[in-house]
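# Architecture at a glance
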Amino acid sequence: MNARDSKLLRHKAFIGGEWVEAARGGSFEVLDPATGLAIAHVADCSAEDAERAIEAAQASFVVWRATLARERARLLRRWHELIMEHKDDLGDLLAREQGKPLAEARAEIVYGAAFVEWFAEEARRVYGDLIDAPAPGREILVMKQPVGVVAAITPWNFPNAMITRKIAPALAAGCAAIVKPAEETPLSALALGALAQEAGFPRGLVNILPTTRAAEVGRVLTSHPLVRKVSFTGSTEVGRTIMRQSAETIKSLSLELGGNAPFIVFDDADLDAVVAGAVASKYRNSGQTCVCANRFYVQAGIYEAFAEKLAAAVRALKVGAAFEPGTQQGPLITPEAVAKVESLVNDAVDKGAKLRLGGARHARGGNFFEPTVLADVPADARLLTEEIFGPVAALVRFETETEVIGLANASEAGLAAYFYTKDLARAFRVARAIEAGIVGVNQAVISTVEAPFGGVKQSGLGREGARHGIDEYLEVKAVHIGGL
Ligand code: SIN
């Protein structure tokens, strides 16, 4: 595979400021999800590499934590500039290994870079407190200090932005980082490492461990006493394992886990706006985001019109490989992902759901699945309780506001939720009542650096982005001064 700027295409692990082969030797294939063909081979790290990276990160942390916030901000700004200078190449690399349409891949680079810029700014805005003491001659100071070495375990659906959303605030706070990218998409992570090196961060501050041994490397990262924080984005099931493994050493955790977003359409919604929002929310990244609409609840009076218009809009989506002009829907990430989506659709149809569009593997073969719309999905369909992670809209009819709030909240997940209405009082009522960390009201695009991102219930712990994001990497220390 070629990259216009070959310095971005890295095949080795990045540990302690060096590009190194894996300790046990060996490499693994990175596949193009559109063709199933290998596009690169990268070093396959193991427990030994993770231990080396942790030691390198700790040594770097001791120096970095003492640097001025202004200096940390300067280096983050430089990293941001370099990412933006190389945004087209980074986007091409991302599209190649992840499969999303090129325009979406390039947009992800800009989205990812925004976290680096934002936290470069936030680095200088970490404030402590001075608190009135309970007795004369005393003062109480509150300091915020970096938590220490951070392990970032990141997913394949956003191979760039989920890394920057974690490690930019970590570095801004004064922490060092180890990134374990998803096995499917290590190239974007390594390219970010190359640009971090060029930006001039100290050796060992950022380490990148590509691996197929996720469980082995993950166990070291979640159990080593020098790792003080684990930030993970991925499935709720793996999140539970990470939490269990981190319990022994009581690590700080940020967990951005699975969602099951309800998308509610009230009778009074603007039909054109709601269909545009539904397509944006459901079919972005071919349905492979944690905040994609998963369950459409549509009020009886607008149900038929919405179902028809949505199916027409989805029929117009162009399915193709990332680099084919006009592509709007890429392949799913793996054959296993296709099999899972297929089984969810079959389960719903067997239980009585009506196919309005699609419903099968795409004629292109491989990892492609038809953009699908299913109406009258019954309550016992797995589509309504499991995260679909594919281009399938599942429609359910409802009658009243109270009923739909009950349906929306009847889930262990609570990441994103969306609803459309023109009634202002209802907008406030429903926004308060919905159990989710992020709510879109007449608004389907809710991922942006300015707003806190994260879930409630089993969708996770902590918030990323916004001014809140840096707090995840800071400890609060109370200093009591007496004898004054
Ligand atoms: C995710 O799927 O975890 C992140 C989605 C986003 O940032 O929009």
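Residues numbered from 1 in each chain as written. Predicted model: local features only at pLDDT ≥ 70, side-chain atom pairs only at ≥ 80, totals over all residues. Heavy atoms only, no water.

## Considering the packing of aromatic side chains
Summed over all chains, the structure comprises eleven aromatic pairs. Residues Phe266 and Phe398 carry aromatic rings whose centres are separated by 5.7 Å and whose planes lie at 90 degrees to one another, so their mutual orientation is edge-to-face. Placement of Phe266 in the loop between strand E12 (261-265) and helix H9 (271-283) and of Phe398 in strand E16 (residues 392-398) is noted, with a sequence separation of 132 residues between them. Accessibility expressed as a relative area gives 0% for Phe266, which makes it buried. Three or more aromatic residues joined by ring pairs make a cluster, and in this case those are Phe263, Phe296, Phe306, Tyr418 and Tyr420. One Lys or Arg, Lys100, reaches over the ring of Phe158 and ends 4.0 Å from the middle of that ring. The residue whose ring lies beneath Lys229 is Tyr473, and the NZ or CZ to ring-centre distance is 5.3 Å. (Phe/Tyr/Trp six-rings, centres within 6.5 Å; stacked < 30°, edge-to-face > 60°. Helix = DSSP H or I, 4+ residues; strand = E, 2+ residues; numbered from the N terminus. Buried < 20%, exposed > 50% of the residue type's maximum accessible area, 1.4 Å probe, protein only. Lys NZ or Arg CZ within 6 Å of the ring centre and 35° of its normal.)

## Let's talk about the nonpolar core
The biggest cluster of nonpolar side chains holds 92 residues, and the ones touching the most others in it are Leu76, Trp79, Ile83 and Phe201. A per-element tally of this core places helix H4 (residues 102-122) first, with eleven residues. What Leu76 contacts, discounting residues up to four positions off in sequence, is Val116, Phe119, Ala120, Ala168, Leu171, Ala172 and Phe201. One finds Ala182, Tyr297, Leu357 and Tyr420 within the second-largest nonpolar core, a separate group that totals 69 residues. (Core = buried A, V, L, I, M, F, W, Y, C linked by side-chain atoms within 4.5 Å. Contact = heavy atoms within 4.5 Å.)

## Considerations on the pattern of salt bridges
A side chain of one charge can pair with a side chain of the opposite charge when the charged atoms of the two come close. Under the counting rule described, the total for this entry stands at 27 salt bridges. A salt bridge links Asp268 to Arg426; the nearest nitrogen and oxygen atoms lie 3.8 Å apart. Here Asp268 is found in the loop between E12 and H9, whereas its partner Arg426 is found in helix H13 (residues 424-433), with 158 residues between them in sequence. A residue is classified by how much of its surface remains accessible, and Asp268, at 26% relative accessible area, is partly exposed. With a shortest N-O distance of 2.9 Å, Arg426 and Glu401 are connected by a salt bridge. Here Glu401 lies in helix H12 (residues 401-409) and Arg426 lies in helix H13, a separation of 25 residues in the sequence. With relative accessibility at 14%, the residue Arg426 sits in the buried group. Taking relative accessible area as the criterion, Glu401 reaches 15% and is therefore assigned buried. (Salt bridge = Lys/Arg side-chain N within 4 Å of Asp/Glu carboxyl O.)

## Topic: the sheet that holds strand E19 (residues 438-441)
The strands that make up a sheet are held in pairs by hydrogen bonds between backbone atoms, and each pair lies either parallel or antiparallel. Strand order in this open sheet of seven strands is E14-E15-E16-E13-E12-E18-E19, and the pairing throughout is mixed. Of all strands in the sheet, those with a lone pairing partner are strand E14 (354-357) and E19, marking the two edges. Direction aside, neighbouring strands of the sheet carry axes that sit 20 degrees apart on average. The pairing of E14 with strand E15 (residues 372-375) spans three bridges and is antiparallel. (Pairing = 2+ DSSP bridges. Axes fitted to C-alpha atoms, helices over the stretch in contact; angles between N-to-C directions.)

## Focus on the site of the ligand
Inspection of the region around the ligand gives 13 residues, with Tyr111, Glu256, Arg284, Cys290 and Ser447 positioned closest. Between Glu256 and the ligand, the recorded distance is 2.8 Å, taken from a side-chain N or O atom to an oxygen atom. Look at the ligand: alone it shows 260 Å² of surface, and the protein chains cover 100% of it. Partitioned by chemical class, the residues of the shell around the ligand number six nonpolar, four polar and three charged. When residues of the shell around the ligand are assigned to domains, at least three map to each of domain 1 (3-257 + 459-479) and domain 2 (261-448). (Near = heavy atom within 4 Å. Polar contact = N/O pair within 3.5 Å; in protein donor to acceptor, adjacent residues only side chain to side chain. Areas by Shrake-Rupley, 256 points an atom, 1.4 Å probe, with all protein chains shown as cover. Nonpolar A, V, L, I, M, F, W, Y, C, P; charged D, E, K, R; others polar. Domains from an automatic or database assignment.)

## Brief notes about the domain arrangement of the chain
Looking at the assigned domains, one finds that the chain contains domain 1 (3-257 + 459-479) and domain 2 (261-448). Relative to domain 2, the C-alpha centre of domain 1 lies at a distance of 31 Å. Across the contact, 21 residues belong to domain 1 and 26 residues belong to domain 2. Between domain 1 and domain 2 the total buried area reaches about 1900 Å² when both faces are included, carbon and sulfur atoms providing 62% of it. Scanning the region where domain 1 abuts domain 2 turns up zero salt bridges. Along the contact surface separating domain 1 from domain 2 lie eight residue pairs in polar contact (both at pLDDT 80 or more). Put simply, the parts of the chain that give the side of domain 1 that touches domain 2 at least two residues each are helix H3 (87-98) and H4. For the side of domain 1 that touches domain 2, the per-class residue count stands at nine nonpolar, four polar and eight charged. (Buried area = accessible area lost by both parts, 1.4 Å probe.)

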